[in-house]
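The residues making up each chain are set out below.
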Amino acid sequence: MGEFFSWQRVVHNFPILIKKLPVTFEIVAVAFSLGFVLALLIATARIKKIPVLNQILSVFVSFERGTPLLVQMLVVYYALPLVLESLFDLDTRRWGKIIFVDLALILNQGVFLGEIFRGAILSIPKGQKEAAIACGMTDLSAFVKIVLPQSVRVALPATGLNLIGLFQETSLVFMLGVIDIIGRASALGAKSGHNLESYLIIAVVFLVINLILTGITTAINKKLRG
């Protein structure tokens, strides 16, 4: 057993791996916050069914929902530089790999959160908004005061699950050369010939993060539902 697993290696590897956890948090923070903004724009455009834009978004949503995240990252990493160079003569060779990772995750989050928001908004009966407008509210005021609060309650559970899933999906970023906690574990394993201890540490870390996020979203959801 000692040849395959060692608590001493767990103790040794833990601080080394934890030092890379902020990279994961940074990726999640950027992807979720900017993806949130993009999601609002996508949801609005899809609900309003803006001509041409709605058709383009439909194709884009189908691509993002129908392909693996790793494929999306590779497309952004290899195709985006070619597009930017050909259209805008922009050289991206000095860009850090994490920029492409962030862009891929932002687009992914924008689509998935956008569909969550769109479904939540459409789940509110139209009659409520129409009644508010009939009582003298403006279209915007009726949306903000009547539709939005109810939509938030509907969207929150799925948004929380999406955030938890985003943390798990960051395990793919090392495939593009970004050294996060997974990438550091892979490097440690290649150097020492022992992988089990590092991946066990990562499993526990991600499990703890999962439990914390689940507890927070559950508490917020209970508070909103009163």
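Residues numbered from 1 in each chain as written. Predicted model: local features only at pLDDT ≥ 70, side-chain atom pairs only at ≥ 80, totals over all residues. Heavy atoms only, no water.

Asks: Please give an account of the overall build of the chain that cites residues and values.
Replies: Looking only at helices and strands, the chain features 9 helices and 0 strands. Here the chain, with 226 residues, has 36% of them falling under the buried criterion. Pairs at least 24 residues apart make up 77% of the contacts formed inside the chain by residues separated by at least 6 positions. Element-wise, carbon and sulfur atoms account for 69% of the exposed surface of the chain, whose accessible area totals about 13,200 Å². If the 20 positive side-chain charges of the chain are averaged to one point and the 13 negative ones to another, these points end up 9 Å apart. (Helix = DSSP H or I, 4+ residues; strand = E, 2+ residues; numbered from the N terminus. Buried < 20%, exposed > 50% of the residue type's maximum accessible area, 1.4 Å probe, protein only. Contact = heavy atoms within 4.5 Å. Areas by Shrake-Rupley, 256 points an atom, 1.4 Å probe, with all protein chains shown as cover. Lys, Arg positive; Asp, Glu negative; His and termini not counted. Charge placed at Lys NZ, Arg CZ, Asp CG, Glu CD.)

Asks: Tell me about the pattern of salt bridges, and name the residues and values.
Replies: Tallied over the full model, the rule gives 6 salt bridges. For arginine 46, the salt bridge is made with glutamate 115, and the minimal N-O distance between the two is 3.3 Å. With arginine 46 in helix H2 (residues 21-48) and glutamate 115 in helix H5 (residues 97-122), this pair connects stretches of sequence that are 69 residues apart. Glutamate 115 carries the same exposure label as arginine 46, and that label is buried. Put simply, aspartate 91 and arginine 93 hold a salt bridge, and the shortest N to O gap is 3.0 Å. Since its relative accessible area comes to 40%, aspartate 91 is described here as partly exposed. Linked through salt bridges whose partners overlap, the residues forming this network are Arg46, Arg65, Glu115 and Arg118. (Salt bridge = Lys/Arg side-chain N within 4 Å of Asp/Glu carboxyl O.)

Asks: Summarise the side chain of glutamate 197; cite the residues concerned and give the values.
Replies: In this fold, glutamate 197 is placed in helix H9 (residues 196-225). Leaving out residues up to four positions away in the same chain, glutamate 197 has contacts with Phe4, Phe5, Ser6, Arg9, Val10 and Asn13.

Asks: Residue-level account of the packing of aromatic side chains, with values.
Replies: Counted by the stated rule, this structure contains 7 aromatic pairs. When the centroid spacing of 5.4 Å and the interplanar angle of 85° are considered together, the rings of tyrosine 77 and phenylalanine 100 count as edge-to-face. Taken together, the residues span a long stretch of sequence, with tyrosine 77 in helix H4 (residues 69-88) and phenylalanine 100 in helix H5 at a distance of 23 residues. Classification of tyrosine 77 by relative accessible area gives partly exposed; the value is 22%. (Phe/Tyr/Trp six-rings, centres within 6.5 Å; stacked < 30°, edge-to-face > 60°.)

Asks: Summarise helix H1 (residues 7-18); cite the residues concerned and give the values.
Replies: Along an α-helix, residues three or four apart share an orientation, since each turn contains 3.6 residues. The end-to-end C-alpha separation of H1 is 16 Å, in line with the 16 Å expected for 12 residues at 1.5 Å each. Every buried residue belonging to H1 is among Val10, Asn13 and Leu17, and all of these are buried. Take H1 and look down its axis: the buried residues cluster within an arc of 85°, on one side only. Among the exposed residues of H1, those pointing more than 90 degrees away from its buried face are Gln8, Val11 and His12. In this structure, the buried residues of H1 make contact with H2, helix H8 (181-192) and H9. (Expected span 1.5 Å × (residues − 1). Arc of directions from axis to C-beta.)

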